[in-house]
Amino acid sequence: EQLAQKSTFLETAYLLMNGQLPNRAQLGEWTQNITKHISLNGNLKNMMKNYRNDAHPMGMIISTISAMSTFHPEANPAIKGQSVYSNKGLRNEQIYRLLGSMIAVSANAYCHRLGRPLVEVKGVSNDPMSYTQTFLKMMGMNPHPKLARALDVLFILHADHE
């Protein structure tokens, strides 16, 4: 309950990964590392365009996230060996990549289902609240800060529940 009232989703994600809430500098670095991965690779966008318009969004999301692994052979244990599991830097990069890309993949699945193009968002700020605002903008919305905060709380509750 305290997380939902006083934190952002990105702070909660940091807590789940590191066992403690971040200080201001840690949160800034964490947010920057995630937001640099928000845009989708052109090949992934093209792949998503080939889904049927009536495809279930979760199926689109799952298969796109799975396909992302083919773009990063340095993190594939079948190619690089079991040492990828003990490489904390590589593991963290994969976490940043997944958290950053997830909103783009999800927004793209939503837009595709409606027959609309994904709204490209450039220059994502380092503000942790911009994560949910960016997600809503990518879906073609002009989010009110209260709506973005409500979505942020929903993300927190979901992450805290898992």
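Read on for a plain summary of the structure. Every value quoted in this text rests on a predicted model; they were computed, and no experiment measured them.

We now examine the overall build of the protein chain. Secondary structure assignment for the protein chain yields 9 helices and 0 strands. Starting at the N terminus and ending at the C terminus, the protein chain contains elements arranged as α-α-α-α-α-α-α-α-α. Relative to the 2.2 N^0.38 estimate, which gives 15 Å for 162 residues, the radius of gyration of the protein chain is 16 Å and therefore close to what a compact globule would have. Here the protein chain holds 162 residues, and the buried ones make up 42% of them. Within the protein chain, contacts between residues separated by at least 24 positions form 59% of all contacts whose residues are at least 6 apart in sequence. For the protein chain, the exposed area adds up to about 9500 Å²; of that, 54% sits on carbon and sulfur atoms. Charge-centre separation for the protein chain: the mean point of 16 positive side chains lies 6 Å from the mean point of 11 negative side chains.

Further remarks concern a nonpolar patch on the surface. The grouping of Y110, L114, M141 and L147 at the surface amounts to a nonpolar patch, some 330 Å² of accessible area in total. Since its relative accessible area comes to 42%, L147 is described here as partly exposed.

Now for the environment of Q20. If you trace the backbone, Q20 turns up in the loop between α2 (9-18) and α3 (24-35). Ignoring anything within four residues of it in the chain, the contact list for Q20 reads Y14, L15 and Q26.

Side chains of a nonpolar character, in soluble globular proteins, are inclined to be buried together. Of all hydrophobic cores here, the largest spans 38 residues; its most connected members are F9, W30, L99, Y131 and M138. At 8 residues, the largest contribution of residues to this core is made by helix α7 (residues 88-114). In this structure, Y131 is in contact with F9, L10, I34, L99, I103 and F155, ignoring residues within four places of it in sequence.

Turning our eyes to something else, we now look at the packing of helix α4 (residues 42-49) against helix α5 (residues 57-68). At a closest axis distance of 11 Å, the pairing of α4 and α5 adopts a crossing angle of 150 degrees. Regarding the angle of α4 to α5, the classification is roughly antiparallel. The two elements α4 and α5 cross, and the hand of that crossing is right-handed. When α4 is examined against α5, the residues L44, M47 and M48 are found in contact with a partner set consisting of M60, S63, T64, A67 and M68.

Calculation criteria
Residues numbered from 1 in each chain as written. Predicted model: local features only at pLDDT ≥ 70, side-chain atom pairs only at ≥ 80, totals over all residues. Heavy atoms only, no water. Helix = DSSP H or I, 4+ residues; strand = E, 2+ residues; numbered from the N terminus. Rg over C-alpha atoms; globule rule 2.2 N^0.38 Å. Buried < 20%, exposed > 50% of the residue type's maximum accessible area, 1.4 Å probe, protein only. Contact = heavy atoms within 4.5 Å. Areas by Shrake-Rupley, 256 points an atom, 1.4 Å probe, with all protein chains shown as cover. Lys, Arg positive; Asp, Glu negative; His and termini not counted. Charge placed at Lys NZ, Arg CZ, Asp CG, Glu CD. Patch = residues over 30% accessible without salt bridge, like charges linked within 9 Å, V, L, I, M, F, W, Y side chains within 5 Å. Salt bridge = Lys/Arg side-chain N within 4 Å of Asp/Glu carboxyl O. Core = buried A, V, L, I, M, F, W, Y, C linked by side-chain atoms within 4.5 Å. Axes fitted to C-alpha atoms, helices over the stretch in contact; angles between N-to-C directions. Parallel < 35°, antiparallel > 145°, perpendicular 65-115°, else oblique. Left-handed = near helix turned anticlockwise from the far one by under 90°.

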